[in-house]
Amino acid sequence: MTLSHEDDQEHETEFPYWFGQIVGIYHAAVVYIGPGSRSVDPQHMEFLFVRWFGRDMGHRGGWKTRHPHWIGFIDGNDDDAFGFLDPQEVI
């Protein structure tokens, strides 16, 4: 679970969290040589490979309904089904 960082206050579908299943935990020595690069020395980087869940919008959940939100995996063919996440973002 991580904060959604969604700032859309106008829509009822706003939800403060994103949920995902960690598929892999990785670390790498990364060298960035693009714009703004200050060093060619490898930097240690940790990241998670995540399969994201989506909320079932057909089910009402939350404090007002006294029911938890329903979630399920996003279709694996969807471009947003998988992603990378900084481990420090995990709650």
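This section reports on the structure supplied with the text. Predicted, not measured: the structure shown is a model, and the values here were computed from it.

## Things to note about the side chain of Thr 2
Okay, so step 1: Among the secondary structure elements, Thr 2 is positioned in strand S1 (residues 2-3).
Okay, so step 2: Polar side-chain contacts of Thr 2 include one of 2.8 Å to the backbone oxygen of Glu 89.
Okay, so step 3: Those residues in contact with Thr 2 that sit more than four places away from it in its chain are Pro 16, Tyr 17, Trp 18, Trp 52, Leu 85, Glu 89 and Ile 91.

## Focus: the pairing of strand S6 (residues 82-85)
Okay, so step 1: A one-sided burial pattern is seen for S6, the buried positions being Gly 83 and Leu 85 and the unburied ones Phe 82 and Phe 84.
Okay, so step 2: Relative to S6, strand S4 (residues 43-55) runs antiparallel, the two sharing four bridges. Considered in S6, the bridge of Phe 49 is made with Phe 84.

## Description of unusual backbone geometry
Okay, so step 1: Its identity as a non-glycine residue notwithstanding, Arg 66 has a phi of 60°, on the positive side.
Okay, so step 2: Summarising the element assignment, Arg 66 is placed in the loop between S4 and strand S5 (71-73).

Scoring rules and cut-offs
- Residues numbered from 1 in each chain as written.
- Predicted model: local features only at pLDDT ≥ 70, side-chain atom pairs only at ≥ 80, totals over all residues.
- Heavy atoms only, no water.
- Helix = DSSP H or I, 4+ residues; strand = E, 2+ residues; numbered from the N terminus.
- Polar contact = N/O pair within 3.5 Å; in protein donor to acceptor, adjacent residues only side chain to side chain.
- Contact = heavy atoms within 4.5 Å.
- Buried < 20%, exposed > 50% of the residue type's maximum accessible area, 1.4 Å probe, protein only.
- Pairing = 2+ DSSP bridges.

Don't take any of this as a statement about function, it's just geometry.
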